[in-house]
Amino acid sequence: MRLFTFLHPFLLSDEINDFGVAILVDVLRASTTINAFFEKGGKIVIPVITAQEAFHKKEINKDALLCGEFMAQKYQSFDLNNSPSAIMKLSEVPEIMILCTTNMVSTLQIIKKIKHIFFASFWNYPAIVEYIMKNFSSEKIALICCGKKDGEKLSFEDVMLASHIIRTFISVAPSVELSEVSLLVMEMNWSTPLETYFEKSPSVKRILDNDCKEDLLIAFKKPFSKIIPYYDHSQQIIKSHII
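Everything numeric in this text was worked out from a predicted model, so none of it was measured. (Residues numbered from 1 in each chain as written. Predicted model: local features only at pLDDT ≥ 70, side-chain atom pairs only at ≥ 80, totals over all residues. Heavy atoms only, no water.)

A.B. asks: For this particular structure, what's the right way to read helix α1 (residues 30-39)?
C.D. replies: For α1, the buried fraction is high: nine of the ten residues fall into the buried class. For α1, the full list of buried residues reads Ala-30, Ser-31, Thr-32, Thr-33, Ile-34, Asn-35, Ala-36, Phe-37 and Phe-38. Just beyond α1, the residue with positive phi is Gly-41, at close to 105°. (Buried < 20%, exposed > 50% of the residue type's maximum accessible area, 1.4 Å probe, protein only. Helix = DSSP H or I, 4+ residues; strand = E, 2+ residues; numbered from the N terminus.)

A.B. asks: When you look at the environment of Glu-180 in this model, what are you seeing that I'm missing?
C.D. replies: Along the polypeptide, Glu-180 turns up in helix α7 (residues 180-186). Between the C-alpha atom of Glu-180 and that of Thr-5, which follows or precedes it by 175 residues, the distance is 8.5 Å.

A.B. asks: How should unusual backbone geometry be read in this particular structure?
C.D. replies: Trans peptide bonds make up most of the peptide bonds, and negative phi angles are found at most residues other than glycine. With an omega of 5°, the peptide bond between Leu-28 and Arg-29 qualifies as cis. For Arg-29, the location among the structural elements is in the loop between β2 (21-25) and α1. In this structure, Ser-77 is a non-glycine residue whose phi angle is positive, near 75°. Mapped onto the secondary structure, Ser-77 falls in the loop between β5 (73-74) and α3 (84-89).

Laid out in structure tokens, this is it:
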């Protein structure tokens, strides 16, 4: 098994389509929101990149939960923001969620030829690693941080999760071959309190400015989920396995 890490989608090339497996990381907040929806019993996530597309999907799926954001603010007429904490507060969820989010969906469009695509959060990354090791141990794996599209910026929270994922792979399979970037990310020291990173992160500031502190706190919870969200290419939706 070979594991390559990409710190931002702008670092991807056409060679990305040679990979057999991809793990997408968008901690704040898309991959965490997806994990939350499946934890609450949801069945299908329809990922879209524009509000117009979301409304079109809603016309077809009238009972769907319509969630999305632009610059951390909820679109008007949407049911919820891209908010894992709001999802978790619901007493129940419908079978379908339409999720409008820019960074993750635009990255998904770039890598859509990769056969197996999974969505990782701090909640489920050990389960993701376990599932891949069990089912795709001979594949070439791309670990992709979705980052931020404003100025092609890296996202500290995505890189932090990538580091945890790489270390988990190594802990269960020391023979995993790591790319140079994977080695660098694995060796990063995350002993500094999270609050220090929060103070310097534009994405965190944006979330706090929009009264979404609960999302920030919940996104960094210790792993507990056995949900494996994956992309169904045939229907262009996200489903999930449970291990």
